[in-house]
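Read off the chains here:
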Amino acid sequence: MGSLIKVLLVGSDGTLGTSLRHVSHAGFDIVPWTMKNCDLTDLASIGPKLSVESPAIIINASAFTDVDGAELNEQTATLINGDAVGQMASYCMAHGILLVHFSTDYVFSGDHAQAYAEQDVPDPINAYGRSKLKGEQLIKESGCQFICIRTSRLFGRASSTQGKKNFIEKMLELAHRTSTISVVDDERTSPTYADDLAVTTFDLIRSDARGIFHRTNDGECTWYEFAREIFSISKLPVTLVPVAGASFPRPAKRPAHSTLVSTKLSPLRNWKEPLREYLFTNTTTV
Ligand SMILES: NC(=O)c1ccc[n+]([C@@H]2O[C@H](COP(=O)([O-])OP(=O)(O)OC[C@H]3O[C@@H](n4cnc5c(N)ncnc54)[C@H](OP(=O)(O)O)[C@@H]3O)[C@@H](O)[C@H]2O)c1
């Protein structure tokens, strides 16, 4: 049996980080890093701490993911989603190792009629999107070998244990408190199951493919349509009311239609399939 390849997983306890630890990753020895191992806002500490760990690959699943929070604190969002990523990329370049990173549909404005392909030019409309784009740019400028996967609307097994609820958990919780729920019927994109994205991530690492990739589950929906499917599967008697995003004033603007398509990878299964799987395996409320 050959020796395992040491992979440093930054952000190991987040939604995607948890999936990356749980899906099959034969051949890789995953070393998990949380904020306790390295606070990414302390830029100067990143390089030295990476040198001590000395991984063969870095997977960065960490991020400042609070979209409205980023609008109110763009500096911190940019530090974590931009500058800290730049530090990791410089380390990877200097040591000739692969950096695997994740970005978002929010690097696009969302005013396209069609889905965005990898080659489309980013034009973010909010602070979170700008901070994530900076991370992408610093990776490219570093000259390191990289895989950068843009994804959207992640759901996965981690959130219940992290105290931070994902959209599905919030909907199920609301359904137990009220019989009528208003949900935004715009902001069209693709829900993505973190386990499916994690499997793709290891497939890409094993392949020779490098660069930017779009990876989401197939199909698209608004938040209202997402909620309708959640309640249809879970058979909860809820009256759903579709409303415009403007009815819920929030600090950050959201892209209207930010669905991603890949010109490099074949499509994943439709989002409704893993949603069903998720509801029957990850929640006790169905
Ligand atoms: N969630 C989505 O809908 C979505 C959509 C598109 C793209 N993405 C991208 O997908 C990737 C994974 O997202 P996710 O939803 O899995 O994120 P998440 O659940 O919010 O997890 C992010 C992780 O980053 C860590 N982190 C935050 N600030 C840190 C800091 N200063 N130092 C060290 N670690 C820090 C967090 O640690 P703590 O738990 O200790 O705070 C957490 O474990 C990100 O690149 C994100 O931008 C996500």
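Small disclaimer: the values here were computed from a predicted structure and weren't measured.

A. Spotlight on helix α9 (residues 223-234). Between its first and last C-alpha, α9 extends 16 Å over twelve residues, near the 16 Å set by a 1.5 Å rise per residue. Taken as a whole, α9 has its buried residues at W223, F226, A227 and I230. The buried residues of α9 all sit within an arc of 95 degrees when viewed along its axis, so they share a single face. Those residues of α9 that are buried lie in contact with α7 (167-175), β7 (180-184), β10 (239-243) and α10 (272-282). In the segment just after α9, K235 is the residue with positive phi, at about 55 degrees.

B. Spatial organisation of the packing of helix α2 (residues 43-53) against helix α4 (residues 74-95). Remark: α2 packs on α4, axes separated minimally by 9 Å, with the N-to-C direction vectors making an angle of 30 degrees. Taken together, α2 and α4 sit at an angle that is classed as roughly parallel. Taken as a pair, α2 and α4 cross one another with a handedness that is right-handed. Together, L43, I46, G47 and L50 of α2 and D83, A84, Q87, M88 and Y91 of α4 make up the contact between the two elements.

C. Here's a closer look at the sheet that holds strand β1 (residues 5-10). Strand order in the open sheet made by the six strands is β2-β1-β3-β4-β5-β9, with parallel pairing throughout. A strand with exactly one partner marks an edge of an open sheet, and here the two such strands are β2 (28-33) and β9 (211-214). Neighbouring strand axes in the sheet, compared pairwise and without regard to direction, differ in orientation by 20 degrees on average. Bridge count between β1 and β2: six bridges; the pairing is parallel. Residue pairing across strands places V7 opposite I30, the latter belonging to β2. The strands touched by helix α5 (residues 127-142) are β4 (98-104) and β5 (145-151); relative to β4, the strand with the most contacts, the crossing angle is about 155 degrees. On the sheet, helix α8 (residues 194-206) packs against β3 (57-60), β4, β5 and β9 and is oriented at approximately 160 degrees with respect to β5.

Thresholds, definitions, all that
- Residues numbered from 1 in each chain as written.
- Predicted model: local features only at pLDDT ≥ 70, side-chain atom pairs only at ≥ 80, totals over all residues.
- Helix = DSSP H or I, 4+ residues; strand = E, 2+ residues; numbered from the N terminus.
- Expected span 1.5 Å × (residues − 1).
- Buried ≥ 20, exposed ≤ 12 C-beta atoms within 10 Å, placed from the backbone.
- Arc of directions from axis to C-beta.
- Contact = placed C-beta atoms within 7 Å.
- Axes fitted to C-alpha atoms, helices over the stretch in contact; angles between N-to-C directions.
- Parallel < 35°, antiparallel > 145°, perpendicular 65-115°, else oblique.
- Left-handed = near helix turned anticlockwise from the far one by under 90°.
- Pairing = 2+ DSSP bridges.

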